[in-house]
Amino acid sequence: MNNVSELLTFIENSPTAFHAVANICSELEASGRKRLSEGEAWKLEAGQGYFVTRNMSSVIAFDIPDGEADSFRMVAAHSDSPTFKIKENAELAVRGKYTQLNVEKYGGMLFSAWFDRPLSIAGRVLVRTERGMEARLIDVGRDLLVIPNVAIHMNREVNDGFKYNAQTDLMPLFGDETAKDGFKKLIAETAGVAEEDILGTDLFLYPRVKGTVIGHEGEYILSPRLDDLECAWSGLRAFLAADKPARGVNMLCVFDNEEVGSGTKQGADSTFLYDVMQRIFIAIGRSAEDAYRAAANSFMLSADNAHAVHPNHPEKTDAENCVFMNDGIVIKFNANQRYTTDGVSAAFFHRLLKDNEIPFQHFANRSDIAGGGTLGNISGSHVSINTLDIGLAQLAMHSAVETAGAKDLDHMVRGMTAFYTSGVETGRDGEFFLG
Ligand code: CO
């Protein structure tokens, strides 16, 4: 399989952040990296790779070098995408005839894209065990639900712009009146347990559409959740390709909850990354001084997709600092530092990409558009290291299906691999040596 079909398979098998992290963990495990638990003591060996999850929806993987652990090379991306979460009391009856599911939105999606397409349910259930409970991932895995549009005859002005109400317009149809009380049963059946043994759930909708290759020469990919599973997957490929470094610690961080501000115990605005870095230095018997020196020599690529010039609305992007699909890795700039890139981190990455002949382009929002933030600057408030924000150019961000460049995947994997195999040392403030 080539990169594109591998990515599309990964996305299809990752309907939620839980599944994405589980799939990343399986690959890490298959590569010989060892699973750690935050609740247990860590014994780390030189030349060995490890990974640890938090909430089953964020994962940090790292390789301990044979040589000095004198720096960190980190790639960060996010595991979540905008969707709908199912409320605890999940069923809604309509005129005694329909059963809907009661959902609320997770993150900021394009509502219209979720209508009139088959949807299903996936997520995590907490199941009673003899001594407590355990989490299981489930995926109903069949066409199950629809959020039906109102016919044009009943809403003649809809094409002139429509304001969706999240409480009334976006409830998916689950079945007829016989589906009443059917939701818990379906979830229990899918989990293979008795209904009364389900103690808690985190369940989400997902669009059933499969990713595909489109365009005159197959130059684009169209798939759900490209933001940000495309960068998470690229980070994983590069992390595995770089293998064990001679010196410095390679790290892959995939955080949940970027789409809702990262402010959870497992998000980029938590202590997860800081905790893991501290524990590495404790476990390998290094001093606090060593940890500070390593931080000064460290770089992070915060990878999250970027807005390509829209074919119908090129005016939405800056005249020159605009990006196109398939034209290479996007380096993002923002004067107010919602993107972390600065002259130093840009210079480092420019040099790396030029040396490796990997194409790149520069993005900044129109000066009169605020644009979106991402996790780089949030993570930076906990672990303050040189960071730059990068991504791949895509259309229709936060739609149920998004469009990106088929060739860009190779660009990103190669760029991240070059990063993982690079070395940096700091001299005076503002001086760096590459090697
Ligand atoms: Co994103």
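On a predicted model such as this, the values are computed, not experimentally measured, just so you know. (Residues numbered from 1 in each chain as written. Predicted model: local features only at pLDDT ≥ 70, side-chain atom pairs only at ≥ 80, totals over all residues. Heavy atoms only, no water.)

**Comments concerning the packing of aromatic side chains**
Inspection of the entire model under this criterion finds 14 aromatic pairs. The interplanar angle of 75° and the centroid separation of 5.9 Å between the aromatic rings of Phe-111 and Tyr-164 together place this pair among those described as edge-to-face. With Phe-111 in the loop between β6 (98-106) and β7 (119-128) and Tyr-164 in the loop between β8 (133-139) and β9 (173-176), this pair connects stretches of sequence that are 53 residues apart. Using a relative accessible area of 22% as the deciding quantity, one classes Tyr-164 as partly exposed. Feature note: the residues Phe-239, Phe-299, Phe-348, Phe-419, Tyr-420 and Phe-432 constitute an aromatic cluster, connected by ring pairs. (Phe/Tyr/Trp six-rings, centres within 6.5 Å; stacked < 30°, edge-to-face > 60°. Helix = DSSP H or I, 4+ residues; strand = E, 2+ residues; numbered from the N terminus. Buried < 20%, exposed > 50% of the residue type's maximum accessible area, 1.4 Å probe, protein only.)

**Digging into the side chain of Ser-345**
In this fold, Ser-345 is placed in helix α7 (residues 343-355). Not counting residues up to four positions away in its chain, the partners in contact with Ser-345 are Phe-299, Thr-340, Thr-387 and Leu-388. (Contact = heavy atoms within 4.5 Å.)

**Looking at the coordination of the cobalt ion**
Bound to the cobalt ion on the protein side are His-78 (NE2), Asp-227 (OD), Asp-304 (OD) and Asp-304 (OD), at distances that span 2.0 to 2.6 Å. Considering all 4 donor atoms around the cobalt ion, the spread of angles at the metal, 54 to 141°, places the coordination shape in the irregular class. When the donor residues of the cobalt ion are listed from N- to C-terminus, their spacing reads H-x148-D-x76-D. In this pair, Asp-227 is assigned in helix α4 (residues 226-242) and Asp-304 in the loop between β14 (299-303) and β15 (306-307), connecting sequence segments 77 residues apart. A single burial state applies to Asp-227 and to Asp-304, both of which are buried. (Donors = N, O, S within 2.8 Å, 3.2 Å for Na, K, Ca; no water. Tetrahedral: all angles 85-135°; square planar, octahedral: opposite > 155°, others 65-115°.)

**Some thoughts on helix α2 (residues 17-30)**
Spanning 14 residues, α2 covers 20 Å between terminal C-alpha atoms, matching the ideal 20 Å at 1.5 Å per step. Where α2 is concerned, the buried positions are Ala-17, Phe-18, His-19, Ala-20, Val-21, Ile-24, Cys-25 and Leu-28. After α2 finishes, the residue Gly-32 shows a positive phi value of roughly 100°. (Expected span 1.5 Å × (residues − 1).)

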